[in-house]
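# Summary of the model geometry
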Amino acid sequence: MSVTIYHNPACGTSRNTLALIRATGLQPEVIHYLETPPSREELVSLIRRMGIGPRDLLREKGTPFAELGLRDPSLTDDQLIDAMMEHPILINRPIVVGPKGARLCRPSEEVLSILDWTLDADFVKEGGEVVLANG
């Protein structure tokens, strides 16, 4: 089974998501998307597969979101995607592609909904929150 995570190791949610995937026994393909951003076609495909709009994938915190005026409701999807292509830090993370679809995994336990495998034991996130194996 193939699982891919678009990962930022500086992000706690991304680290927890990767650890959750591994806790199911899977070894995902890890794409450090800030170093190796998806192509425009890949990004558009991911957005479509997740069933969201480009605006739903934009990250505001710690990005040039405000400076670029991306809150402007008149901006088109193409303009928002252009901004993400130019500034990959604007792409919210982690995005995971698994056997049951693609998802922006915020919170990290969202990843379990797109995997064929489950946790064998409870999982403790970095912050101490517990994800129940049967939950």
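Details of the structure are given in the entry above.
Residues numbered from 1 in each chain as written. Predicted model: local features only at pLDDT ≥ 70, side-chain atom pairs only at ≥ 80, totals over all residues. Heavy atoms only, no water.

### Things to note about a nonpolar patch on the surface
On the surface, a nonpolar cluster with roughly 250 Å² of combined accessible area is contributed by V124, V130 and L132. Locating V124 in the fold gives a position in strand β5 (residues 123-124). (Patch = residues over 30% accessible without salt bridge, like charges linked within 9 Å, V, L, I, M, F, W, Y side chains within 5 Å. Areas by Shrake-Rupley, 256 points an atom, 1.4 Å probe, with all protein chains shown as cover. Salt bridge = Lys/Arg side-chain N within 4 Å of Asp/Glu carboxyl O. Helix = DSSP H or I, 4+ residues; strand = E, 2+ residues; numbered from the N terminus.)

### Description of the nonpolar core
Core analysis: the largest hydrophobic core is formed by 21 residues, its most contacted members being L57, M84 and I95. For this core, the elements supplying multiple residues, two or more each, are α2 (40-50), α4 (77-86), β3 (95-98) and β4 (101-104). Apart from residues lying up to four places away in sequence, I95 is in contact with T4, I5, Y6, L46, M50, L57, R103 and L104. (Core = buried A, V, L, I, M, F, W, Y, C linked by side-chain atoms within 4.5 Å. Buried < 20%, exposed > 50% of the residue type's maximum accessible area, 1.4 Å probe, protein only. Contact = heavy atoms within 4.5 Å.)

### Focus on the side chain of N16
Here N16 shows up in helix α1 (residues 12-23). The class of N16 is buried, set by a relative accessible area of 9%. Filtering out sequence-adjacent residues up to four positions away, N16 remains in contact with S108, F123, K125 and E126.

### Regarding the pattern of salt bridges
Side chains that differ in sign of charge can pair as their charged atoms come close. The final tally for this structure, using the stated rule, is seven salt bridges. Linking R15 and E126 is a salt bridge whose minimum nitrogen-to-oxygen distance equals 2.6 Å. Taken together, the residues R15 in helix α1 and E126 in the loop between β5 and β6 (130-131) connect sequence positions 111 residues apart. Salt bridges sharing partners connect three or more residues here, namely R40, D78 and D82.

Coordinates in, geometry out; function isn't part of it.
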